[in-house]
Amino acid sequence: MDADIKLIKADSSEYREELELRNEVLRKPLGLNLYEEDLSQEWEQYHIGLFDSGRLLGVLILVPLGTDFRMRQFAVTADSRRMGVGRRLILFAEKFVREKGGTRIWFHARKTAVPFYEKQGYKTVGAPFVELSVPHIEMEKELINAKT
């Protein structure tokens, strides 16, 4: 895999590809449409994509909240799962957050994805809850002394 991880600029062809991936992976299976949501605040967030030969394989968004960053909209193409795409995106995101002076990443994880995030050093916080009809749990990782 000749992959390249980079920031995706809003209103670019890469951003449009990102929207398609997020809609396909995160919304369509729930009977929802990403394009019906208010995406106006996304211009102030960091979009990180992993590309292989120009094709977007995975994406996540980081929302800066002081020294905390919220991770959201983490999606990997179905044919790219279990190939290290998600792990590479997380490692890049953690380095990026540290470079921005961040000390913690938190997010709402789908319960089915919790084992993946735990392997990356994230811990569950609080009780499970339902979001967009899917069971979730909040997860976090302190980056100050984290090894990954």
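Coordinates for the structure precede this section.
Described below are features of the structure shown in this document. Since this is a predicted model, take the numbers as computed values, not measurements.

Here is what the cut-offs are and how they apply
- Residues numbered from 1 in each chain as written.
- Predicted model: local features only at pLDDT ≥ 70, side-chain atom pairs only at ≥ 80, totals over all residues.
- Heavy atoms only, no water.
- Helix = DSSP H or I, 4+ residues; strand = E, 2+ residues; numbered from the N terminus.
- Buried < 20%, exposed > 50% of the residue type's maximum accessible area, 1.4 Å probe, protein only.
- Polar contact = N/O pair within 3.5 Å; in protein donor to acceptor, adjacent residues only side chain to side chain.
- Expected span 1.5 Å × (residues − 1).
- Arc of directions from axis to C-beta.
- Phe/Tyr/Trp six-rings, centres within 6.5 Å; stacked < 30°, edge-to-face > 60°.
- Salt bridge = Lys/Arg side-chain N within 4 Å of Asp/Glu carboxyl O.
- Contact = heavy atoms within 4.5 Å.
- Pairing = 2+ DSSP bridges.
- Axes fitted to C-alpha atoms, helices over the stretch in contact; angles between N-to-C directions.

### Notes on the side chain of S12
Relative to the elements of secondary structure, S12 occurs in the loop between β1 (3-8) and α1 (13-27). The buried category is assigned to S12, whose relative accessible area is 16%. A polar contact of 2.6 Å, which involves the side chain of S12, links it to the backbone oxygen of K9.

### Quick notes on helix α2 (residues 85-99)
For α2, with 15 residues, the first-to-last C-alpha span of 21 Å sits near the 21 Å given by 1.5 Å per residue. Among the residues of α2, those classed as buried are V85, G86, L89, I90, A93, E94, F96 and V97. All buried residues of α2 project into a common sector of 165° when viewed along the axis, lining one side. Along α2, exposed side chains directed more than 90 degrees from the buried face belong to K95 and E99. Phi turns positive one or two residues past the end of α2, at G101, with a value near 85°.

### Notes on the packing of aromatic side chains
Enumeration according to the criterion identifies seven aromatic pairs in this entry. When the ring of F74 is compared with that of Y117, the centres are 6.0 Å apart and the planes differ by 70°; the resulting orientation is edge-to-face. Of this pair, F74 sits in strand β4 (residues 68-76) while Y117 sits in helix α3 (residues 114-119), and the two are 43 residues apart along the sequence. By the burial criterion, F74 is buried, and Y117 matches it. Between Y117 and Y122, the ring centres sit 6.4 Å apart and the planes meet at 75°, which makes this aromatic pair edge-to-face. Y117 sits in the buried class, given a relative accessible area of 8%. The structure contains a cluster of three or more aromatic residues connected by ring pairs, namely F74, F107, F116, Y117 and Y122.

### Digging into the pattern of salt bridges
Applying the stated rule across the entire model yields 12 salt bridges. Residue E37 is joined to R27 by a salt bridge in which the shortest nitrogen-to-oxygen separation is 2.5 Å. Taken together, the residues span a long stretch of sequence, with E37 in the loop between α1 and β2 (46-52) and R27 in helix α1 at a distance of 10 residues. In this structure E37 comes out as partly exposed when scored by relative accessible area, which is 30%. On the basis of relative accessibility, which here comes to 7%, the residue R27 falls in the buried class. A single salt-bridge network, built from bridges that share partners, covers E18, R22, E42 and R72.

### A closer look at the side chain of H136
Structurally, the position occupied by H136 is in strand β7 (residues 134-142). Exposure remark for H136: the relative accessible area of 6% places this residue in the buried category. Only 2.7 Å separates the side chain of H136 from the backbone oxygen of V134, close enough to count as a polar contact. Beyond its immediate chain neighbours, meaning those up to four positions away, H136 contacts H108, A109, R110, K111, P128, F129 and E131.

### Some details on the sheet that holds β2
Pairing is mixed in the open sheet, where seven strands are placed in the order β1-β2-β3-β4-β5-β7-β6. Strands with a single pairing partner mark the edges of an open sheet, and in this sheet they are β1 and β6 (123-131). Between one strand axis and the next, the sheet turns by 25° as a mean value, whatever way the strands run. Across seven bridges, strand β3 (residues 55-65) lies against β4 in antiparallel orientation. Looking across to β4, one finds that V59 is bridged to A75.

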